[in-house]
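Secondary and tertiary structure notes
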Amino acid sequence: MSQPLSNERVGDTGGPAGAAGGMLGVGGAEAAMARAIALARRAVGRVSPNPPVGAVVVRDGAVVGEGFTQPPGGPHAEVVALRQAGDAARGATLHVTLEPCCHHGRTPPCTDAIAAAGIARVCFAVPDPNPRVDGAGAAALRAAGIEVHDGTGAAEARELIAPFARWIASGRPLVTLKYAMTLDGRIAAHTGDSRWVSGPASRRRVHAMRDGADAILVGAGTVVADDPRLTTRLDGPRPDGGDAHHPLRVILDSRGRVPLAARVFDPELPGRTLVACVEVPPAYADALAARGADVVRLPAGPDGRVSLPALLDCLGRRGITDLLVEGGAAVHGAFLDAGLAGRVRAFIAPKLVGGAAAPGPVGGVGAAAMALATRLEDVVVERIDDDVLVAATLGAPAATGSAA
């Protein structure tokens, strides 16, 4: 017996426990795409370098199959949904957040599976920015006699694949600068004390951000000052019953000044740690490797520190598409000066700490005039208990840079 959508549980295959979902009712197409977007969010942080995608198969107003992208090598969202729908897919409509792929990768083309299943109509939210698809998937479906529509849910779907789009275009991850500051723009007191700037609800949101990121980056100074673990700590399991995701921990440490006893190098921590350096003593590198950390030597920038473009290229080659930067002012400023930051997530606490020597969230060279300041776009402001979260995309000034 089919279950209503609100009561469905997600199993290991990415679909509901039952064989079919509930009736969509009025606004069925919009409701189906909203469901597909919700499914896609369950894949965020777990399928890179593939994009997180959700798919829903609808027949006679009822959901007969659904799914989301599985980890690399596993089936795409469309295939998961079609397998669940089985024979009910014939003559049905497939709602999917991204244009179906039409090329062979780790898996066969989704367009072939859609045609073989007998789908009559496909509605996708946004085109695939991969040059191997980018309209070719829709063309392949039309050539197979399938009706194709796009556009519904485009804004939400585009946000979900933003890291993939940056990676597929540049080979580098999308960089998000994250920080918490007081209302007077301080990330710590003049003594260096920073616990805690923001409230508990904001800190829980940060762990949700980590859960969806591929990698989290800090500078050596942050590790020396705060000795963080940089793990994901959620209150209970994820909504879909899965475990928390621990992104790759990236430490910018050009000369090897982070103590070997730092908690981030604890072999018992879940996830892995990568240390990006320019030159470190061989004995130090061997000791890090013995603790399970990866040591990557990279070229130096003009200031002798790790070249940030080289670092992003390195992470991109590892399939990292979404990088969350939780550094101090120097690291944030270096990414901003270099034009390498794509988004910002700023938590603002209702506090005034004062002090001319108290640090702010962004250092570096900065803009020489207010007219040259990096502007925020697509700004969203959210209240989180007493704090305020400002989320936005960034324009990128032309520059080069390095840090740590």
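Residues numbered from 1 in each chain as written. Predicted model: local features only at pLDDT ≥ 70, side-chain atom pairs only at ≥ 80, totals over all residues. Heavy atoms only, no water.

A few words now on the overall build of the protein chain. Counting secondary structure elements, the protein chain contains eleven helices and 16 strands. The C-alpha radius of gyration computed for the protein chain amounts to 23 Å, which stays within 12% of the reference 22 Å derived for 404 residues, consistent with globular compactness. For the protein chain, the C-alpha atoms occupy an extent of roughly 65 × 45 × 45 Å along the three principal directions. Within the protein chain, the fraction of its 404 residues that count as buried is 51%. Across the protein chain, every contact between residues at least 6 apart in sequence was considered, and the portion connecting residues at least 24 apart equals 72%. (Helix = DSSP H or I, 4+ residues; strand = E, 2+ residues; numbered from the N terminus. Rg over C-alpha atoms; globule rule 2.2 N^0.38 Å. Buried < 20%, exposed > 50% of the residue type's maximum accessible area, 1.4 Å probe, protein only. Contact = heavy atoms within 4.5 Å.)

With respect to the helices, strands and loops of the structure, A62 is situated in strand β2 (residues 62–68). Along the backbone, A62 and G28 are 34 residues apart, and their C-alpha atoms lie at a distance of 9.0 Å.

A few words on the environment of A293. Locating A293 in the fold gives a position in the loop between α9 (282–290) and β10 (294–297). Overall, the relative accessible area of 8% leaves A293 in the buried class. Along the chain, A293 and F265 lie 28 residues apart, while their C-alpha atoms are 6.7 Å from each other. Excluding its chain neighbours within four sequence positions, the residues that come into contact with A293 are F265, T273 and L288.

Both trends apply: most residues other than glycine have a negative phi, and most peptide bonds are in trans. P49 follows S48 through a cis peptide bond whose omega is 10 degrees. Structurally, P49 is set in the loop between α1 (28–41) and β1 (54–59). A cis geometry characterises the amide bond from R195 onward to W196, with omega recorded as -5 degrees. Within the fold, W196 resides in the loop between β6 (174–182) and α7 (200–212). Here the phi dihedral of L230 falls at roughly 60 degrees; this positive angle occurs in a residue that is not glycine. With respect to the secondary-structure elements, L230 resides in the loop between α8 (220–226) and β8 (248–252). Assessed through its relative accessible area of 3%, L230 is described here as buried.

The interhelical angle for the contact between helix α2 (residues 77–85) and helix α3 (residues 110–117), taken along N-to-C directions, is 20 degrees, at an axis separation of 9 Å. One way to sum up the angle between α2 and α3 is to call them roughly parallel. Judged by the sense of rotation from one axis to the other, the crossing of α2 with α3 is left-handed. Contacts between α2 and α3 involve E78, V79 and L82 on the former and, on the latter, C110, A113, I114 and A117. Its residues placed into classes, the contact of α2 with α3 shows six nonpolar, no polar and one charged. (Axes fitted to C-alpha atoms, helices over the stretch in contact; angles between N-to-C directions. Parallel < 35°, antiparallel > 145°, perpendicular 65-115°, else oblique. Left-handed = near helix turned anticlockwise from the far one by under 90°. Nonpolar A, V, L, I, M, F, W, Y, C, P; charged D, E, K, R; others polar.)

Overall, mixed pairing links the five strands, which are arranged β2-β1-β3-β4-β5 in an open sheet. For this open sheet the edge positions go to β2 and β5 (147–150), each flanked by a neighbour on one side alone. The mean angle between the axes of side-by-side strands here comes to 15 degrees, regardless of whether they run parallel or antiparallel. For β1 and β2, the ladder comprises six bridges, and the chain directions are antiparallel. Opposite V56, over in β2, you have E66 as the bridge partner. This element, α1, spans β1, β2, β3 (93–98) and β4 (121–126) of the sheet and lies at about 150 degrees to β1. (Pairing = 2+ DSSP bridges.)

A separate point is the confidence of the model for the protein chain. For the protein chain, per-residue confidence averages 90 on the pLDDT scale, and 90% of positions sit at 70 or higher. Segment residues 1–20: pLDDT under 50, and 46 contacts once partners within four positions in sequence are set aside and those in other chains are kept. (pLDDT = per-residue confidence, 0-100.)

Judged by nonpolar contacts, the single largest core of 40 residues is most densely connected at V57, L82, A89, L94, I114, I119 and V122. Per-element accounting of this core gives the leading share, six residues, to α1. If near-sequence neighbours (up to four positions away) are discounted, L82 is found in contact with V57, A89, A113, I114, A117 and I119. Counting 36 residues, the second largest nonpolar core, distinct from the first, contains L217, V250, L252 and V278. (Core = buried A, V, L, I, M, F, W, Y, C linked by side-chain atoms within 4.5 Å.)

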